[in-house]
Amino acid sequence: MTENTRLEVAKLSDIEGVLDLQKRYLVSNLTEEEKKSGFVTTPFSVEQLTYVINNEGLFVAKDNNKIIAYIFAESWDFFSQYPIFERMISLFPELSFFDFEITSTSSFQYGPVCIDKKYRGKGLINLLFEFM
């Protein structure tokens, strides 16, 4: 990170940068060697990004106005379009945290997180979590 790195709630104008970062680290676009450094598995469309941005659920890190990282935070309703999350939601009645009941309205799903390889290992993920 540099002194020009900043965190923001994503705007519609950030979609192109998010798609570019997603494309560079999408598992289906990487060689086996590249996958060893990390990847994202879920490709998001412009329509999905627009929805999440309009809900203020996408957070980005920028360095000199270039998107270098993103993290999603969205409702379980949004993520229920993917089978794994429907399964996770079905387990909520069996879960609790101290005295708190975990439900689809008292919690949210985050992820994916994608960080440009040049910025990994520098604490950016912690800053993104705190900002989110």
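Please refer to the structure placed before this passage.
Right, let's walk through the structure included here. Worth saying up front: this structure is predicted, and the values here are computed from it rather than measured.

Thresholds applied
Residues numbered from 1 in each chain as written. Predicted model: local features only at pLDDT ≥ 70, side-chain atom pairs only at ≥ 80, totals over all residues. Heavy atoms only, no water. Helix = DSSP H or I, 4+ residues; strand = E, 2+ residues; numbered from the N terminus. Rg over C-alpha atoms; globule rule 2.2 N^0.38 Å. Buried < 20%, exposed > 50% of the residue type's maximum accessible area, 1.4 Å probe, protein only. Areas by Shrake-Rupley, 256 points an atom, 1.4 Å probe, with all protein chains shown as cover. Lys, Arg positive; Asp, Glu negative; His and termini not counted. Charge placed at Lys NZ, Arg CZ, Asp CG, Glu CD. Phe/Tyr/Trp six-rings, centres within 6.5 Å; stacked < 30°, edge-to-face > 60°. Contact = heavy atoms within 4.5 Å.

### Side note on the overall build of the chain
A tally of helices and strands in the chain yields six helices and six strands. Reading the secondary structure of the chain in the N-to-C direction produces β-α-α-α-β-β-α-α-β-β-β-α. Here the chain has a C-alpha radius of gyration of 16 Å; the compact-globule value for 132 residues is 14 Å, and the two agree. Along the first, second and third principal axes, the C-alpha atoms of the chain reach 45 × 35 × 30 Å. Burial status across the chain gives 36% buried among its 132 residues. Just so you have it, the chain exposes about 8,200 Å², and 54% of that area is on carbon and sulfur atoms. Computing the positive centroid from 13 side-chain charges and the negative centroid from 19, the chain places the two 11 Å apart.

### A look at the packing of aromatic side chains
Per the stated rule, a full pass over the model turns up 13 aromatic pairs. With centroids separated by 5.0 Å and ring planes inclined at 50°, the aromatic side chains of Phe79 and Phe85 adopt a geometry described as tilted. The exposure classification of Phe79 matches that of Phe85, with both residues buried. Ring geometry for Tyr110 against Phe129: centres 4.9 Å apart, planes inclined by 80°, an arrangement best described as edge-to-face. Of the two residues, Tyr110 sits in strand E6 (residues 109-115) while Phe129 sits in helix H6 (residues 124-131), which places them 19 residues apart along the sequence. The class of Tyr110 is partly exposed, set by a relative accessible area of 40%.

### Overview of the side chain of Gln48
With respect to the secondary-structure elements, Gln48 resides in helix H3 (residues 46-54). You can call Gln48 buried: its relative accessible area is 16%. Setting aside residues no more than four positions away along its own chain, Gln48 makes contact with Pro43, Phe78, Gln81 and Tyr82.

### Some details on the environment of Phe79
With respect to the helices and strands, Phe79 occurs in helix H4 (residues 76-79). The class of Phe79 is buried, set by a relative accessible area of 2%. The contact partners of Phe79, leaving out residues within four places of it in the chain, are Phe44, Phe72, Glu74, Phe85, Gln109 and Gly111.

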